[in-house]
Every structure is written in C-alpha cells, then in structure tokens.
Amino acid sequence: MNGFLLARPTGVLRASGTRRAFDDGRAAAAAVRTGEAEMIVGALAFHPEDPAALWEPERSEQSAAPWRPAAVPPLPPIHVVAEIPSPAEHVARVTKLVELLSDPGQPLRKVVAARSVIAEAERALEPEVISAHLLVRHPRANIFAVDLTCAGRRGETLVGATPEVLVSRHGDVVTLRPLAGTTPRHPDPGIDAENSRELLCSTKNRDEHAFVIEWIRQRLTPICELTIPAEPELAAAGGVWHLATPITGRLRDPDITALDLALLLHPTPAVCGTPTELALRTISEFEEPRGGYGGAVGWCDGRGDGEWVVAIRCAELSADGRALRAFGGGGIVAASDPRTELEETTAKLRTLLGGLGCEVAHR
C-alpha cells in the first residue's frame, strides 16, 4: 500500500492505496486532464528520463491546517557511515566544473554539484516518525514522505523538509518561490546578519539566482501573465540563508494543471543548471545517480489544482528502514570557490540529518 504525506505550513495532504500507478509524469498528467484519474500524488525523479513514482490513490485526506503530530517518538541513534563522494573528491569535482565554466568558448553557465552521505540507524526508522522530527526542527518547511514503489523501488521512501515550492496552482492563480544563492548561517546573531547582507550583495549568488528567474520567465510567459519582483529577498531555511523571489501568475489556459506546470518547470536551474540539457549531461558525467533528490513531490486533483515542492533537504530511506542516503548540493558558476561549495553542502546536509540527531562532520 503506497503512502504519501505533504505537510505544508498552509495545509496537509495524505493519501494511501493505489488505484493506478504511473512511472511517467506525462501519462499521469493526461489521466488528470481527461478525467481518468481523480487525483495524482507522488514524486518526480531528478532526471526526467528516470521513472516517476506517481499514482492515483484509493484514499486521500486534505486539511487546511498545519500538521500537528499527536506524538513524536524518540529516534534510535543514527550515524554517518559513508560519504559519496568523499569531501576531497567533491572539492576536486567542483574544481573541474569551475575550470569548465571558466572557458568562454563553451555554453555551460551553471551546473549544480551534489554529494550524499549514508547514515545508518541502530533500529528501523518509520517515515512518519522521521517526518514528525523534521517538522519539530523545521516548522515552516514543507515536510514530505513518499513511497517510491511506483518507481520500481519497493518499500523505499523519500523523506524531507524542503524550503522550496516548485509551483502551486489554485484556479487560474500560479505561485512559485524559487531559491538559488546560499550561504551558511552562524550562531552569532551579528555575524549571521552580516552573512545574510553579504549574500544579498554577492555578485556570484545574484547571478546564480538570476539564471533561475530568467529561465522561469521564459518557461511560463507563453502560458501565464507573470508578476516577478525586480530584486530577490532573503529566506532563512534551517542552517542556511537563501536568495528567494516570490512569483505569481495567472494562467491563460485553464486546462493546464498543476502537474503540467511541474513537468514544464522541472528540473529548474536551481537543482540542475543552465542550459538545462547540457547541465543534465554534465551532472550524469560527474556524479552518481541522484534518484529522487532534486526531483519534485506533490499532488494534483481533478480540477487541476495542486502543489509541488522541490525535493531538496531530503533522504532516501531503505526498505528495511535502517539506512538513509541524504543529499546536499550547490550551484556552481565560474566564480565559485570549491572549498566554500563543500561547506555549503555540509550545511544543507545538517539541515536534514541534524533534525534526526545525526551529526555531519564539519569539513
């Protein structure tokens, strides 16, 4: 029986059971548009050619109130046992990417480089309990737990606490809040405030953010009347600051569903790079497969309404519940510093694993 949870600060959707499964997002979107499916829930993989984990549930329950778990049972001890790749190898990969991006004769402008850590628990973890702990640690995040069985990964679950909404569609109103450009937070309030101001003024980070916003503008302008602020704003998300831009739009065609929009926008330059196809090929060359990390999690109902979040600050839980593979990444541009990029991934990994009582070594 497939399980799905998306708990946003504005409401919660739970679903279970499977009437019909889809490993292709376009087929699932077509089923909604034609009325063959009353609702679709699940996850899109990072790489568009990898199987999706989407299905029409037998049961669903939606609430307009935030999730308030009845109990938050303690977690067993969880320890990092491996890093993929090693920190030194990640720095070496980023160094190669910076050299590539610095070549004025090639078209690649940005590529997101990610790494992962494997953590093991002393006894089996439950996705619901993990989600509850993440909510306690990150009450304003979007908490999710998605069974990956429909993607051919029986019993595995994608869990996370993402700060980023890929796209929301309610009626003809479309909203997005892309994040790109990051700096770690600091426990000293004065230093933390200075770090946030430096991020807001950083040419490197503003350029990285601008790639994302321009790409979204190009993708959505043909189907939406958009309102995009001229300047990004600061957004605090766990152990990091981000640059964020809240975007709103009105659909010209009411038949375009939330899942259609998610497929149109995914993967954004915030998790992939610019231009998209070249960045995808570069990531495939440099990295191990990402699975659900950098994908999208959400739902779409028979009216076409729905909400999709970006699957970052997340981990894949093994079928036996004993192992977590957590991911962290960062946007690389020609001005990137490899050591700083490693520190950024460590801060992002801590956002997830720190909420589960698991320490990630500072590198």
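Residues numbered from 1 in each chain as written. Predicted model: local features only at pLDDT ≥ 70, side-chain atom pairs only at ≥ 80, totals over all residues. Heavy atoms only, no water.

Here's the deal with the sheet that holds strand E15 (residues 233–237)
Read from one edge of the open sheet, 3 strands run E13-E16-E15, paired in antiparallel fashion. Bordering the open sheet on either side are strand E13 (179–184) and E15, each of which pairs with just one other strand. Strand-to-strand twist across the sheet, computed as the mean angle between neighbouring axes with direction ignored, equals 30°. In terms of strand pairing, E13 meets strand E16 (residues 240–244) through 4 bridges, oriented antiparallel. When the sheet's bridge partners are listed, Leu-179 is paired in E16 with Ala-244. (Pairing = 2+ DSSP bridges. Helix = DSSP H or I, 4+ residues; strand = E, 2+ residues; numbered from the N terminus. Axes fitted to C-alpha atoms, helices over the stretch in contact; angles between N-to-C directions.)

Remarks on the packing of aromatic side chains
Applying the stated rule across the entire model yields 2 aromatic pairs. Residues Tyr-293 and Phe-327 carry aromatic rings whose centres are separated by 5.0 Å and whose planes lie at 5° to one another, so their mutual orientation is stacked. Taken together, the residues Tyr-293 in the loop between helix H7 (276–286) and strand E19 (296–301) and Phe-327 in strand E22 (residues 323–332) connect sequence positions 34 residues apart. Note on accessibility: Tyr-293 and Phe-327 belong to one class, buried. (Phe/Tyr/Trp six-rings, centres within 6.5 Å; stacked < 30°, edge-to-face > 60°. Buried < 20%, exposed > 50% of the residue type's maximum accessible area, 1.4 Å probe, protein only.)

Notes on the environment of Ala-65
In this fold, Ala-65 is placed in the loop between strand E6 (59–63) and strand E7 (78–84). With 56 residues separating them in the primary sequence, Ala-65 and Pro-9 have C-alpha atoms 7.6 Å apart.

Describing the sheet that holds strand E4 (residues 39–44)
Strand order in the open sheet formed by 9 strands is E3-E5-E4-E19-E20-E11-E12-E17-E14, with antiparallel pairing between adjacent strands. At either margin of the open sheet sits one strand with a lone partner, and together these are strand E3 (20–22) and strand E14 (224–227). Averaged over all neighbouring strand pairs, the angle between strand axes comes to 15°, with direction disregarded. Two strands pair when backbone bridges link them, and strand E11 (residues 165–170) and strand E12 (residues 173–176) are joined in this way by 3 bridges, in the antiparallel orientation. Counterpart to Arg-169 in the pairing with E12 is Val-174. Sheet contacts for helix H1 (residues 25–33): E3, E4, strand E5 (53–56) and E19; angle to E3, the most-contacted strand, approximately 135°. In the packing of helix H6 (residues 258–265) onto the sheet, the strands contacted are E4, E11, E12, strand E17 (247–251), E19 and strand E20 (306–310), and the crossing angle to E11 comes to about 155°. (Contact = heavy atoms within 4.5 Å.)

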